[in-house]
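Spelled out, the chains give:
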Amino acid sequence: MTQITIQCSLVASELTRKLVWELMAEKNTPLINEILWQINNHPNFKEWQSEGKLPSSLVSDLCKSLKEDPLCAGQPSRFYLSVTKLVNYIYKSWLKLQQRRQRKLEGQERWLSMLKSDTELLKECECSLDILRSKAREILTNVEVAIAKSQKKSDAQKIPKKSSLLFALYDETKEDVFTRSAICYLLKNGSKLPQLDKLEDRKEFAQRRRKVAIKIERLKEQLEGSRPHGRDLTSEQWLETLHTAAKTVSKDNKQARVWQDILLSKPKSLPFPITFETNEDLKWHKNETGRLCVRFNGLSKHTFKVYCDCRQLHWFRRFLEDQETKKEGKNSHSSGLFTLRSAKLAWKENPKVKKGEPWNINRLILYCTVDTRLWSFEGTKQVRAERVAKYAKDLLSKKPEITFPFFFRTKQIDKFLAIWQVIASHQLLKLHEKQDFDKAVKNLQQYIVRLESSIKKINKPYPRPSRQLYTGNKNIILAVAMGLEKPATVAILDGSTGRAIAYRSIKQLLGKNYRLLNRQRQQKKTLSHLRHKAQKRSADNQKGESNLGAYLDRLIAKAIVELAKEYQISEIAVPKIEDMREVVQSEIKAKAEAKIPGYEKGQKKYAKQYRINIHNWSYGRLIENITTQASKLGIAIAEVKQPVRGSPTEKAKDIAIALYNKNNRI
């Protein structure tokens, strides 16, 4: 990934800011709210949720039908397009989250059906406890043998867990009740045989089953009640909920919690952003004083001055240079090679101003996504080859019955045009079988013209500075292991020898700034205590945090990337974010067992106190910072599953070995 996002403030006259605010807050956002409401209340919504996607044209059709509504009419066409893109993105991410919750629910329901007391298991398999334990010991031995065989392999990531093997064996033995009961006996005891003299505590077991049942209830509530909703800029929902809660009594605890969540949450005060996925929707120029300015399609009569940090100014100047180059070349250059890839216009709260009209107390911000490779001539050449390959892939989607050579590897664009004409002719012959032959021929000819034009334009270079691309050693890999007490530990591996070249702890990465880590943890501990006190009073518990955590993430990411540059790293391996919960829980459990061996209640109490003292790190934010910093140099980022056992340095080395083996197909 070589794309990064930069931002700038936009300054315009009060009339312009007022117009933009009214379009976004009084027309665009209500349109999004209405579309979300109609989709949520559609009779086929449950069906779409189970399929995991909306019909392809649903959102665009709803948007077209609402264009004539007086509350939503009068917007620029780009604003309507932004609505379609944004709503589709909202539901795409929400449906993916719902599918993940559904899988969790199915897993918990399966586990609840397997979680049975010793009495129930003995009654089910009609045997004594000694016989059941004997069968369980036999199964456990077979599982341990299978794990021992896996450990002999070089790839540590392929070593299965006991629980995974036991669950798989449970599914295979559907009709063998005796074996299934023995497997359930092992699983409920942590994939091991409990002590013979230790009898099952019925009260503790009932509490354990109740915890699983509560998890299932919560997942069902999340699946039923967490549909996407819009932004209530007028606070009507908050006032209506306050009036209802003051005048009526809730039916049950569930309804009371819903009211409490609405009343205690901070209502959205800013409208939805406007997205521009076409880079030519922005027109750049300089005013009479030399200030860089921008106009937007749909708001072409209004000019916005660009104010940004000096470190990002060169990017905005490049946007203007690309546009002028294309204009001077009479559109002979391709906009596909513009450094600017997409943009987003949004409002941001100004903490210094608290009273006044919303377009005066809030600031306009422009977020721009850029491809760092397009800064230099060498990087642009690389992108151009990828674009041509994409055109070839689009062409192959026609599925002609001939083999298409990989011409783009040799960058022979002229040969591509000749080969492409042959493929087009072949496609025309196949169209004779269709009834709408004339229409199909016309569409294919138009496609031919567009593709020829795109290829010719993309082969026209932009005047850009030469800069040698970063090239790393393919055998050298840097891996980052993350944990609760140590947010980041680095290992540098030479894959050709299998040896670690260097290790770096979090203290070495931060250097003199290591003291900030303890300060940030103390801040989180204090805020957690304040939130707990606020929750007990049913007061506002949204305590904001300082930017110290984000600052530490940037420092860690910068140190990691500088280390990668020093050792000429080809790829950086980071843990998969969805696995971090398991990693953290395993780390806490291991510490508790080492601190208080053989006493489970004491271990649980120690683990609870440890979680309070050492709070979770924002692993997703740290990985995002590493990705952003690495993309500036062109260093690839790969996600690898992190082992749950071992020291931080061992975990980091195992991650590096796993990535090297994967790249080399070992």
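Remarks on the overall build of the protein chain
Along its length, the protein chain carries 23 helices and twelve strands. Residues classed as buried in the protein chain amount to 39% of the 666 residues present. Here the analysis covers contacts within the protein chain between residues at least 6 apart in sequence; of these, 71% occur between residues at least 24 apart. In the form shown here, the protein chain has an accessible surface area of approximately 39100 Å², with 50% of it arising from carbon and sulfur atoms.

A word on the sheet that holds strand β3 (residues 282-286)
On the basis of which strands lie adjacent, the open sheet formed by seven strands has the order β2-β6-β7-β1-β5-β4-β3 and antiparallel pairing. The open sheet has two edge strands with one neighbour each: β2 (274-276) and β3. Looking at each pair of strands side by side, their axes are set apart by 35° on average, direction ignored. Judged from the three bridges that link them, β2 and strand β6 (residues 340-349) form a sheet pairing that is antiparallel. Its bridge partner being in β6, Ile274 is matched across the sheet by Leu345.

Quick word on the pairing of β3
Relative to strand β4 (residues 292-296), β3 runs antiparallel, the two sharing five bridges. Opposite Trp284, over in β4, you have Val294 as the bridge partner. Two successive antiparallel strands, β3 and β4, enclose a turn made up of five residues, where Gly290 displays a positive phi of approximately 90°.

Structural notes on the environment of Glu650
Looking at the element boundaries, Glu650 is found in helix α23 (residues 648-663). On the accessibility criterion, Glu650 (46% relative accessible area) is partly exposed.

Thoughts on helix α12 (residues 313-328)
The end-to-end C-alpha distance of α12, which contains 16 residues, comes to 23 Å, matching closely the 22 Å that a straight helix rising 1.5 Å per residue would cover. Buried within α12 we find Trp315, Phe316, Arg318, Phe319, Leu320, Asp322, Thr325 and Lys326. On the buried face of α12, the contacting elements are β1 (3-11), β3, β4, β5 (299-307), β6 and β7 (362-371). Phi turns positive one or two residues past the end of α12, at Lys330, with a value near 55°.

Section: the packing of helix α4 (residues 77-114) against helix α9 (residues 202-225)
Running from N to C, α4 and α9 cross one another at 155°; their axes reach a closest spacing of 9 Å. Here α9 runs roughly antiparallel to α4, going by the angle between their axes. In this structure, α4 meets α9 at a crossing whose hand is left-handed. Judged by residue contacts, Gln98, Arg101, Gln102, Lys104, Leu105, Gln108, Glu109, Trp111 and Leu112 of α4 engage Arg208, Arg209, Val212, Lys215, Ile216, Leu219, Lys220, Gln222 and Leu223 from α9.

Digging into the packing of aromatic side chains
The tally for this structure, following the rule as stated, stands at twelve aromatic pairs. On the basis of an interplanar angle of 80° and a centroid distance of 5.2 Å, the ring pair of Trp21 and Trp347 is categorised as edge-to-face. Of the two residues, Trp21 sits in helix α1 (residues 14-40) while Trp347 sits in strand β6, which places them 326 residues apart along the sequence. For Trp21, a relative accessible area of 7% corresponds to the buried category.

Quick look at a positive patch on the surface
On the surface, a cluster of positive charge is contributed by Lys92, Lys96, Arg100, Arg103 and Lys104. Summarising the element assignment, Lys96 is placed in helix α4. Residue Lys96 is classed as exposed on the basis of its relative accessible area of 55%.

Quick word on the pattern of salt bridges
All told, the structure shown has 17 salt bridges when counted by the stated rule. Two residues, Arg110 and Asp171, come together in a salt bridge whose shortest N-O distance is 2.7 Å. With Arg110 in helix α4 and Asp171 in helix α7 (residues 162-172), this residue pair connects regions lying 61 residues apart in the sequence. Given a relative accessible area of 30%, Arg110 falls into the partly exposed group. Between Asp322 and Arg464 there is a salt bridge whose closest N-O contact spans 3.0 Å. Taken together, the residues span a long stretch of sequence, with Asp322 in helix α12 and Arg464 in the loop between α16 (437-458) and β8 (473-481) at a distance of 142 residues. Overall, the relative accessible area of 9% leaves Arg464 in the buried class. Taken together, the shared-partner salt bridges connect Asp118, Lys188 and Glu200 into one network.

Considerations on the sheet that holds strand β10 (residues 499-504)
With mixed pairing, the five strands of this open sheet are ordered in space as β10-β9-β8-β11-β12. Lying at the two open borders of the sheet, with one neighbouring strand each, are β10 and β12 (636-640). Across the sheet, the mean angle from the axis of one strand to that of its neighbour is 25°, orientation sign disregarded. Sheet topology note: the strand β11 (residues 569-575)/β12 ladder contains five bridges and is parallel. Following the sheet pairing, Ala573 is matched in β12 by Ala638. Strands in contact with helix α19 (residues 548-566) are β8, β9 (489-494), β10 and β11; relative to β8, the strand with the most contacts, it is inclined by about 160°. Sheet strands in contact with helix α22 (residues 619-633) are β11 and β12, and its direction is about 165° off that of β11.

A look at the packing of helix α5 (residues 118-125) against helix α8 (residues 177-188)
In contact at an axis separation of 9 Å, α5 and α8 are set at 165° when each is read in the N-to-C sense. Between α5 and α8, the angle falls in the class roughly antiparallel. The two elements α5 and α8 cross, and the hand of that crossing is left-handed. Where α5 approaches α8, its residues Asp118, Leu121, Glu124 and Cys125 are matched on the opposing element by Val177, Phe178, Ser181, Cys184, Tyr185 and Lys188. Considering only residue class, the contact of α5 with α8 consists of six nonpolar, one polar and three charged.

Some details on the side chain of Thr241
Within the fold, Thr241 resides in helix α10 (residues 236-247). Discounting residues that sit within four places of it in the chain, Thr241 has contacts with Trp259, Ile262 and Leu263.

Quick word on α23
With 16 residues, α23 extends 23 Å from end C-alpha to end C-alpha; this agrees with the ideal 22 Å at 1.5 Å per step. Along α23, the residues that are buried comprise Lys651, Ala652, Ile655, Ala656, Ala658, Leu659, Tyr660 and Asn661.

Details of the confidence of the model for the protein chain
Looking at the protein chain, pLDDT values average 81 and 83% of them are 70 or higher. Per-element averaging of pLDDT across the protein chain places helix α15 (residues 413-430) at the bottom with 50 and β4 at the top with 95. Below pLDDT 50 for its whole length, residues 398-413 participates in 31 contacts with residues either more than four positions away or in separate chains. Below pLDDT 50 for its whole length, residues 431-435 participates in five contacts with residues either more than four positions away or in separate chains.

Conventions adopted
- Residues numbered from 1 in each chain as written.
- Predicted model: local features only at pLDDT ≥ 70, side-chain atom pairs only at ≥ 80, totals over all residues.
- Heavy atoms only, no water.
- Helix = DSSP H or I, 4+ residues; strand = E, 2+ residues; numbered from the N terminus.
- Buried < 20%, exposed > 50% of the residue type's maximum accessible area, 1.4 Å probe, protein only.
- Contact = heavy atoms within 4.5 Å.
- Areas by Shrake-Rupley, 256 points an atom, 1.4 Å probe, with all protein chains shown as cover.
- Pairing = 2+ DSSP bridges.
- Axes fitted to C-alpha atoms, helices over the stretch in contact; angles between N-to-C directions.
- Expected span 1.5 Å × (residues − 1).
- Parallel < 35°, antiparallel > 145°, perpendicular 65-115°, else oblique.
- Left-handed = near helix turned anticlockwise from the far one by under 90°.
- Phe/Tyr/Trp six-rings, centres within 6.5 Å; stacked < 30°, edge-to-face > 60°.
- Patch = residues over 30% accessible without salt bridge, like charges linked within 9 Å, V, L, I, M, F, W, Y side chains within 5 Å.
- Salt bridge = Lys/Arg side-chain N within 4 Å of Asp/Glu carboxyl O.
- Lys, Arg positive; Asp, Glu negative; His and termini not counted.
- Charge placed at Lys NZ, Arg CZ, Asp CG, Glu CD.
- Nonpolar A, V, L, I, M, F, W, Y, C, P; charged D, E, K, R; others polar.
- pLDDT = per-residue confidence, 0-100.

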